[in-house]
Amino acid sequence: DTAVSQTPKYLVTQMGNDKSIKCEQNLGHDTMYWYKQDSKKFLKIMFSYNNKELIINETVPNRFSPKSPDKAHLNLHINSLELGDSAVYFCASSQTGHREQETQYFGPGTRLLVL
Amino acid sequence: GNSVTQMEGPVTLSEEAFLTINCTYTATGYPSLFWYVQYPGEGLQLLLKATKADDKGSNKGFEATYRKETTSFHLEKGSVQVSDSAVYFCALRTYGNNRLAFGKGNQVVVIP
């Protein structure tokens, strides 16, 4: 009964390839996120969707394209992978409403290595 | 904007020692404050949170008090164990703003 799950956990690929990471949450939340953690462990938000609508789109190369088919899923597609895309990508979810509710819960991460 | 500052560098200490990790913040608006923990090879787990001034969040022996006057949310544990070895992140979010702003994290290594 994992709350926020991501697949795959590890992804090793060649430069120039296209890959997707999938995220699913079973918490009934209405908002989902993608964060990137670099080699120094620094975390930065990339995207956020609320009820399938894009609400946060940080300065991210347009090779990265999120897609939310429904409230429970948020996928991340990356085109033409580059060495600098190597990182850990975390999915998270939260429920909008009272400030007590707006806690973000994270998935286990996808460790992407581009060779 | 919102930002979080954590003390520089890893923290190495012996088992049963007292742990403090400093966290200060700047925020536009009234933030909620969080500590997340990342164990080796794992994802981020919410450790504790506080949503208003003077609230104390606590979990697994860890505590942090929301100090509005000093804009701080320092994490403490009275007696650490080897299993507490992890990276600890302080974070904040202002109400209605979906972005979590994270500090740079502190690697904590507990030696038996």
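Because the structure is a prediction, the values reported are computed rather than measured.

The rules behind these values
Residues numbered from 1 in each chain as written. Chains lettered and ligands numbered in written order. Predicted model: local features only at pLDDT ≥ 70, side-chain atom pairs only at ≥ 80, totals over all residues. Heavy atoms only, no water. Salt bridge = Lys/Arg side-chain N within 4 Å of Asp/Glu carboxyl O. Helix = DSSP H or I, 4+ residues; strand = E, 2+ residues; numbered from the N terminus. Buried < 20%, exposed > 50% of the residue type's maximum accessible area, 1.4 Å probe, protein only. Core = buried A, V, L, I, M, F, W, Y, C linked by side-chain atoms within 4.5 Å. Disulfide = S-S within 2.5 Å. Contact = heavy atoms within 4.5 Å. Polar contact = N/O pair within 3.5 Å; in protein donor to acceptor, adjacent residues only side chain to side chain. Nonpolar A, V, L, I, M, F, W, Y, C, P; charged D, E, K, R; others polar. Phe/Tyr/Trp six-rings, centres within 6.5 Å; stacked < 30°, edge-to-face > 60°.

Enquirer: What is the right way to look at the pattern of salt bridges in this model?
Expert: Side chains that differ in charge, positive against negative, can pair when their charged atoms come close. Counting across every chain of the model gives seven salt bridges over all chains. Residues A:Arg63 and A:Asp85 are paired through a salt bridge, measuring 2.8 Å at the closest nitrogen-oxygen approach. Of this pair, A:Arg63 sits in the loop between β6 (53-57) and β7 (64-70) while A:Asp85 sits in the loop between β8 (73-78) and β9 (87-94), and the two are 22 residues apart along the sequence. For the pair formed by A:Arg63 and A:Asp85, the shared burial category is buried. Between B:Asp84 and B:Lys77 there is a salt bridge, with its nearest N and O atoms 2.8 Å apart. Each member of the pair, B:Asp84 as well as B:Lys77, is classed as buried. Look at the salt bridges and you will find they share partners, linking A:Lys44, A:Glu58 and B:Arg99 into a network.

Enquirer: So what exactly am I meant to see when it comes to the nonpolar core here?
Expert: Across soluble globular proteins, you tend to see nonpolar side chains buried next to one another. Counting residues in each nonpolar core, the largest one holds 27 residues, and the members touching the most others are B:Trp35, B:Phe73, B:Leu75 and B:Tyr88. Listing elements by their share of this core, those giving two or more residues are β2 (11-14), β3 (19-21), β4 (23-26), β5 (31-38), β6 (44-50), β8 (62-65), β10 (86-94) and β12 (106-111) of chain B. Residue contributions to this core peak at four residues, all from β10(B). Counting residues in each nonpolar core, the second largest holds 19 residues, with A:Val4, A:Cys23, A:Phe47 and A:Leu74 among its members.

Enquirer: Mind showing me how you'd approach the state of the cysteines here?
Expert: Working definition of a disulfide: a covalent bond connecting the sulfur atoms of two cysteines. Residue and element names in this part refer to chain B. A full pass over the atoms with the stated rule returns two disulfides over all chains. Here Cys-23 pairs with Cys-90 through a disulfide, and the sulfurs are 1.9 Å apart. Looking down the S-S bond of the Cys-23 and Cys-90 bridge, the torsion is -65°, so its handedness is left-handed. Separated by 67 residues along the polypeptide, Cys-23 in strand β4 and Cys-90 in strand β10 bring together distant segments of the chain. Per residue, the accessibility class of Cys-23 equals that of Cys-90, and both read buried.

Enquirer: What should I look at first to understand the interface of chain B and chain A in this one?
Expert: Accessible area lost during the coming together of the parts is what is often quoted as the interface size. Across the contact, 24 residues belong to chain B and 29 residues belong to chain A. At the junction of chain B with chain A, the criterion picks out one salt bridge. The tally of links from chain B across to chain A stands at eight residue pairs in polar contact (both at pLDDT 80 or more). Breaking the side of chain B that touches chain A down by element, the ones donating at least two residues are β5, β6 and β10 of chain B. In terms of residue class, the side of chain B that touches chain A is built from eleven nonpolar, eight polar and five charged.

Enquirer: Help me understand the packing of aromatic side chains, please; the structure alone is not making it clear to me.
Expert: Given two aromatic rings, their pairing is described by the distance between the two centres and the angle made by the two planes. Residues and elements named next belong to chain B. If you walk through the whole model with that rule in mind, you get 13 aromatic pairs over all chains. On the numbers, 6.1 Å between centres and 35° between planes, the contact of Phe-34 with Tyr-36 is tilted. Relative accessible area serves as the criterion here: at 1%, Phe-34 is assigned to the buried category. Note on Phe-89 and Phe-102: the rings are 6.1 Å apart at their centroids and 85° apart in plane angle, and the pair reads as edge-to-face. Remark: Phe-102 occurs in strand β11 (residues 101-102) and Phe-89 occurs in strand β10; sequence separation between them is 13 residues.

Enquirer: Help me understand the side chain of A:Gln6 in this model?
Expert: Residues and elements named next belong to chain A. Position of Gln-6 relative to the elements: it lies in strand β1 (residues 4-7). Engagement of the side chain of Gln-6 in a polar contact is seen with the backbone nitrogen of Gly-109, the distance being 3.0 Å. Within the structure, Gln-6 has its side chain in polar contact with the side chain of Thr-110 (distance 3.2 Å).

Enquirer: Looking at this structure, I do not really get unusual backbone geometry. What am I missing?
Expert: Negative phi characterises most residues that are not glycine, and trans characterises most peptide bonds. Residue and element names in this part refer to chain A. Here the residue pair Thr-7 and Pro-8 is connected by a cis peptide bond, since its omega of -5° sits within 30 degrees of zero. Tracing the backbone shows Pro-8 in the loop between β1 and β2 (10-13). A positive phi angle is found at Lys-41, which is not glycine, with a value near 75°. With respect to the secondary-structure elements, Lys-41 resides in the loop between β4 (31-37) and β5 (43-50).

Enquirer: Is there a simple way to think about the environment of B:Ala86 in this case?
Expert: All names here are of chain B. On the secondary structure map, Ala-86 appears in strand β10. For Ala-86, a relative accessible area of 1% gives the class buried. As a C-alpha pair, Ala-86 and Gln-107 span 21 residues in sequence and 5.9 Å in three-dimensional space. Setting aside anything within four residues of it in sequence, one finds Ala-86 in contact with Val-37, Gln-38, Tyr-39, Asn-106, Gln-107 and Val-108.

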